[in-house]
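The chain contents come next:
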Amino acid sequence: MFDSLKDKLQSVFSGLGKRGTLNEADVNAALREVRLALLDADVALPVVKTFMDNIREKAVGAAVLKSVRPDQQVIKIVNDGLVDMLGGESKPLIVDVAPPAVILMAGLQGSGKTTTAGKLALHLQSKKRKKVMLASLDLTRPAAREQLRALSEQAEAGILPESDTETTLQLAKRALKSAQLQGYDVLILDTAGRLAIDEALMAELREIKAAVNPHETLLVADSLTGQDAVRTAEAFHEAVSVTGIVLTRLDGDARGGAALSMTQVTGCPIKLVGVGEKLDALEAFDPARMAGRILDMGDVVALVEKAAEAIEEEEAMRMAERMASGKFDMNDFLTQLRQLQKMGGLGGLLGMLPGLGKMQKQIAAAGVDDKMIKRQEAIILSMNKRERVQVGLLNASRRKRIAAGSGTTVQDVNKLVKQYQDMARMMKKMGTKSGAAAMKAMLGGGAGGLGGGGMPTAEQMQQLSQQMGKSGNPLGNIQGGKMPGGLNPFGGGGLPGLGGFPGRKK
Amino acid sequence: MSWLKKLTSGLRKSSEKVTQNLSSLSRLFGKEKIDATSLEELEDALIMADIGVSAAIDIVAALKGHKWQGEVTPDAFRQVLAEHLTEILTPVEKPLAISEDHQPHVFLMVGVNGSGKTTTTGKLAARFQKSGKSVMLAAADTFRAAAIEQLTGWGLRTDTPVISGERGSDAAALAYRAIEEAQKNNIDILIVDTAGRLQNRQELMDELAKIIRVMRKLIPDAPHSSLLVLDGTVGQNALAQVKAFQVCADLTGLIITKLDGSAKGGVVVALAREFGLPVHLIGVGEGAEDLQAFTAKEFATALVGLDPEIDLA
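The rules behind these values
- Positions within a chain are numbered from 1, following the residues in the order the chain's sequence is written.
- Ligands are numbered from 1 and chains lettered from A, in the order in which they are written.
- Confidence filtering applies because this is a predicted model: local features only for residues at pLDDT of at least 70, side-chain atom pairs given and counted only at 80 or more, and all residues used for totals across whole chains, interfaces and linings.
- We count a stretch as a helix when DSSP gives it H or I for four or more residues in a row; a strand needs E for two or more, and each element gets its number in order from the N terminus.
- Working definition of a contact: two residues with C-beta atoms, positioned from the backbone, lying within 7 Å.
- Each domain's extent was defined by an automatic or database domain assignment.
- The score called pLDDT rates the predictor's confidence residue by residue, from a low of 0 to a high of 100.
- Around each residue's C-beta, the other C-beta atoms within 10 Å are counted; 20 or more make the residue buried, 12 or fewer make it exposed, and counts in between make it partly exposed. All C-beta atoms are placed from the backbone.
- Pairing between two strands is assigned when DSSP locates at least 2 bridges connecting them.
- Lines fitted to C-alpha atoms define the axes here, with helix axes fitted over just the stretch in contact, and angles between the N-to-C directions of these axes take values from 0 to 180 degrees.
- Throughout this entry, Asp, Glu, Lys and Arg are counted as charged residues, while Ala, Val, Leu, Ile, Met, Phe, Trp, Tyr, Cys and Pro are counted as nonpolar. The remaining residues, Gly among them, count as polar.
- What a helix should span is 1.5 Å times the count of its residues minus one.
- One nonpolar core equals one set of buried Ala, Val, Leu, Ile, Met, Phe, Trp, Tyr and Cys residues connected by C-beta atoms within 7 Å.
- With the strands pointing away from the viewer, any crossover whose connection runs clockwise from the first strand over the helix to the second is right-handed.

### Some remarks on the overall build of chain B
Looking only at helices and strands, chain B has twelve helices and eight strands in total. The long-range fraction of contacts in chain B, counting pairs at least 24 apart against all pairs at least 6 apart in sequence, stands at 78%.

So this is what it looks like as structure tokens:
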């Protein structure tokens, strides 16, 4: 129902040859498409208008760089404008203060406050080495307190003991006192969901804020939100002076225009984003990535980064050496499978690629799913040490034993062995110089180029895809050619970035 | 306060953007035609209600062709707009019906995280209890922390038995057991609450399909009602949600929640045009009685900010 903005802009400018500068008529035509794209991404209309005015000024008369087409130039201007409006660089959470640092969570019902509070506790404990206490001030929703308590256990954070006799305000005060007494570094206060127009509840929120004087007042908002995002953000900001926004459910396929609306009306940065149901699925906000998402340019940067993160450097070096020497055994295969799982499985990975979201179903239909990876892992784990290194040992009776041990069939084991052999052959090829060069180019050139803040040009994207295709990574083989033809935008090589790449971004 | 007043007051209290925008059309009063600027403003107003760009363009085009009789006053204009929206929404206005032939009549509640499935399940239980049916709930959200406790809380509040299992247990197995229990106890209505899932997470959608598959082992035509619970504040992603859930959960209808806030739920108009799925109920508050039948005329009236007392022709 909505062609990508890139295609539309290309057609707007298709009649034009290369020109020195962008003239007003071209820009207006292009910006009409941009406007529609932003509205379709749920950016609030008043925000779109402000944005368009800014952009028009910048775009008209802008010199078109050599070697860049006018549509690319416009995308670049729009993208930079979006990044700028989304807050430029990402801003960290203020927690390094005289303890306890107090974080107040607020938002509409169902925006994800309680889950985010749990995630934040885990994040601060494990990454920032803070001692965190959680406290639920939600006396409205049934079992909200139980939910927070369960999350505190998962995050191994402290929790304020409940009480049925206190008001939310009394609870907040008691939470602060006990966090102080027990030497917590951070106190996270979860509050009940409330409508921005509910004056009584907004007044309560103001009272809580006044009583605990938080260092951060975070508005938790759903990235699926529509035009209402402006009104909600405005109302909360007016009532309790929000210091930052947490955008949840960014693992969905909404384009997330609400992000732009809310930063614009509050002037507050988005500090964190929720990207999954698991407790560790909380990330720092990246304006550049968000801009790409709103403009529907895919999340290639995220993918490259995630790949780099999941693959520990040492592991990668070891793998690279083994590949180069043509050695690749079942242990290596297992490592690959586990890395894939770490990256959120096939589902998480596909969701990040432009235009691939819709394909997930087809891929699932072709029998490639996360369960298959689990099964393969089980098969390898059912082999003994010698078998894992010397795959040749696997005769019929061993295979039968392995199938029984892993709860699979001998056919499954055979399939895995076949895939392993294909992969080992591929690894040998990659050991050659040209293979290594392609990989290096992909990580160095690709990641550096994309992460450098600019928008990847169409050429860059294509290059990247080609390199990804060429690198012939193992997943392509795992899928064993079962993927329907033409499904894979990266050529025959399978999904990008999954192999044990030597070295990461410098 | 009547629910319509509640709905309308919610829509009015915070931002009267639609209304405001429409009253800024005042410059055309006295004229018998509407000029281009006013129509553009109307389009903006519709977009700001989450109706979506393409629906907004079509509606504006339709209004452009309207033959005005005499002066165009703001209320007259709104009325024509409301009538037009009513026309779009009327085909999806269908009350939630249960068939006496099913024992139990099985409801399946699906939706993305935080849309209000569990709360709506509780409210539905209260509603059916009141009408004298025997109701049973199944806490098949075995993923979210304390989701089971939340539904159990509603069970206590509404005096409804709740079938639940361990957190992290298999949701499909639980749904199966709930049907067995409901059959054994001659329950009229079984409502199965499921975990929230984003529609682009294929593995979670597969899990939902499995729940249905397993339920059908006991009752081949279950679920008799497969309801998508949609957050009224959602934007254009609602279209993607309906599309995906329709594929894997054979939706029979929609429930729109959280319409007591400042969001207008205009996306319902886009959904009606695109899918034509029945909209059964709307949620306009936190109380058990705040789940109300959806009526096209009243929704349209509230959406354009007309006084509910004014009767549409």
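Resuming the write-up.
### Some thoughts on the domain arrangement of chain A
Reports often express the size of an interface as the amount of accessible area lost when the parts come together. Residues and elements named next belong to chain A. Assigned domains within chain A: domain 1 (5-85), domain 2 (101-297) and domain 3 (302-493). For domain 1 and domain 2, the distance between their C-alpha centres works out to 35 Å. Facing 16 residues of domain 1, the contacting portion of domain 2 comprises 19 residues. Counting only elements with at least two residues in the side of domain 1 that touches domain 2, the list comes to α2 (24-40), α3 (45-59) and α4 (70-85).

### Some words on the interface of chain B and chain A
Facing the 42 residues of chain B at the interface are 43 residues of chain A. Residue assignment for the side of chain B that touches chain A shows that the elements contributing at least two residues are α1 (3-13), α3 (36-48), α7 (147-158), α9 (202-218) and α10 (237-249) of chain B. Ranked by the residues each element gives to the side of chain B that touches chain A, the list is headed by α7(B), at four residues.

### Looking at the confidence of the model for chain A
Where the model shows low pLDDT, its predicted coordinates should not be examined in detail. Residue and element names in this part refer to chain A. Averaged over all residues, the pLDDT of chain A is 76; the fraction at 70 or higher stands at 67%. With pLDDT under 50 throughout, residues 298-305 is counted as low confidence; its partners more than four residues away or in other chains account for 25 contacts. In this model, residues 433-506 is a region of pLDDT below 50 whose contacts with residues beyond four sequence positions or in other chains number 115 contacts.

### Regarding the environment of G165(B)
Residues and elements named next belong to chain B. With respect to the helices and strands, the residue G165 is situated in the loop between β3 (162-163) and α8 (171-184). The partly exposed category is assigned to G165, around which 17 C-beta atoms lie within 10 Å. Distance from G165 to A139, taken between C-alpha atoms, is 7.6 Å for residues 26 residues apart in sequence. Excluding residues that lie within four positions of it along the chain, G165 makes contacts with T142 and L174.

### Concerning the sheet that holds strand β6 (residues 253-257) of chain B
Residues and elements named next belong to chain B. Within the open sheet, the eight strands sit side by side as β3-β2-β4-β1-β5-β6-β7-β8. Their pairing is mixed. The sheet terminates laterally at β3 and β8 (291-293), the two strands that pair on one side only. Direction of pairing for strand β2 (residues 135-140) relative to β3: parallel, over a ladder of two bridges. Counterpart to L137 in the pairing with β3 is V162. Those strands touched by helix α6 (residues 117-130) are β1 (105-110), β2, β4 (189-194), β5 (225-231), β6, β7 (279-283) and β8, and its axis lies near 170° from that of β4. In the packing of α8 onto the sheet, contacts are made with β1, β2, β3 and β4, and the angle to β2 comes to roughly 165°.

### Thoughts on the sheet that holds strand β6 (residues 244-248) of chain A
Residue and element names in this part refer to chain A. With mixed pairing, the eight strands of this open sheet are ordered in space as β3-β2-β4-β1-β5-β6-β7-β8. Only two strands of the sheet have a single partner each, and these edge strands are β3 (158-159) and β8 (282-284). When strand β1 (residues 101-106) meets strand β4 (residues 186-191), the two strands line up parallel, connected through five bridges. Across the sheet, V102 pairs through a bridge with L187, a residue of β4. Strand contacts of helix α5 (residues 113-127): β1, β2 (132-137), β4, β5 (216-222), β6, β7 (270-274) and β8, with the helix running at about 170° to β4, the strand carrying the most contacts. The sheet contacts of helix α6 (residues 144-155) involve β2, β3 and β4, and relative to β2 the element is tilted by about 170°.

### A look at the domain arrangement of chain B
All names here are of chain B. On domain assignment, one finds that chain B holds domain 1 (3-92) and domain 2 (105-296). Each partner contributes to the interface: domain 1 provides 20 residues, whereas domain 2 provides 21 residues. At the level of elements, α1 and α5 (74-89) are the ones that each hand at least two residues to the side of domain 1 that touches domain 2. Broken down by class, the residue content of the side of domain 1 that touches domain 2 amounts to twelve nonpolar, six polar and two charged.

### Some points on unusual backbone geometry
Residue P100(A) is reached from P99(A) by a cis peptide bond, and omega for that bond is 0°. Checked against the element boundaries, P100(A) lands in the loop between α4 and β1. In this structure, the amide linkage connecting A222(B) to the following residue, P223(B), adopts the cis form with an omega of -10°. When you line up the elements, P223(B) lands in the loop between α9 and β5. If you check the backbone angles, A143(A) has positive phi at about 70° while not being a glycine. Inspection of the secondary structure assignment puts A143(A) in the loop between β2 and α6. Among the residues examined, A143(A) registers 23 C-beta atoms within 10 Å and is labelled buried. Although it is not a glycine, S241(A) sits at a positive phi angle of roughly 45°. Structurally, S241(A) can be placed in the loop between α9 (228-240) and β6.

### Let's talk about α4(A)
Residue and element names in this part refer to chain A. When the terminal C-alpha atoms of α4 are compared, their 22 Å separation across 16 residues agrees well with the 22 Å that a helix rising 1.5 Å per residue should span. Three or more residues of α4 are buried, namely P70, D71, Q72, Q73, V74, I75, I77, V78, L82, V83 and M85. G87 occupies a position one or two residues after α4 and carries a positive phi of about 115°.

### Observations regarding the nonpolar core
Core analysis: the biggest nonpolar cluster contains 200 residues, and L187(A), I188(A), L189(A), A175(B), L190(B) and V192(B) have the highest contact counts within it. Discounting residues that sit within four places of it in the chain, I188(A) has contacts with I103(A), M105(A), A117(A), L120(A), A121(A), V132(A) and L134(A). In terms of nonpolar packing, the next biggest core, distinct from the first, is built from 15 residues, I402(A), L416(A), Y420(A) and M423(A) among them.

### Focus on the confidence of the model for chain B
All names here are of chain B. Per-residue pLDDT for chain B has a mean of 86; in total, 86% of the residues score no lower than 70. Per-element confidence in chain B ranges from a low mean pLDDT of 44 for helix α2 (residues 17-23) to a high of 98 for β1. The low-confidence segment residues 309-313 (pLDDT under 50) makes six contacts with residues lying over four places distant or belonging to another chain. Quick note on the complex model: pTM equals 0.72, ipTM equals 0.85.

### A word on the pairing of β7(B)
Residues and elements named next belong to chain B. The buried fraction of β7 amounts to five of the five residues, a majority that puts the element mostly inside the structure. Pairing of β6 with β7 involves three bridges; the strand directions are parallel. When the sheet's bridge partners are listed, I255 is paired in β7 with L281. This β-α-β element, β6 to helix α11 (residues 267-274) to β7, shows right-handed connectivity. Of the strand pairs in this sheet, β7 and β8 are connected by three bridges, and their pairing is antiparallel. What sits directly across from G283, in β8, is L291.

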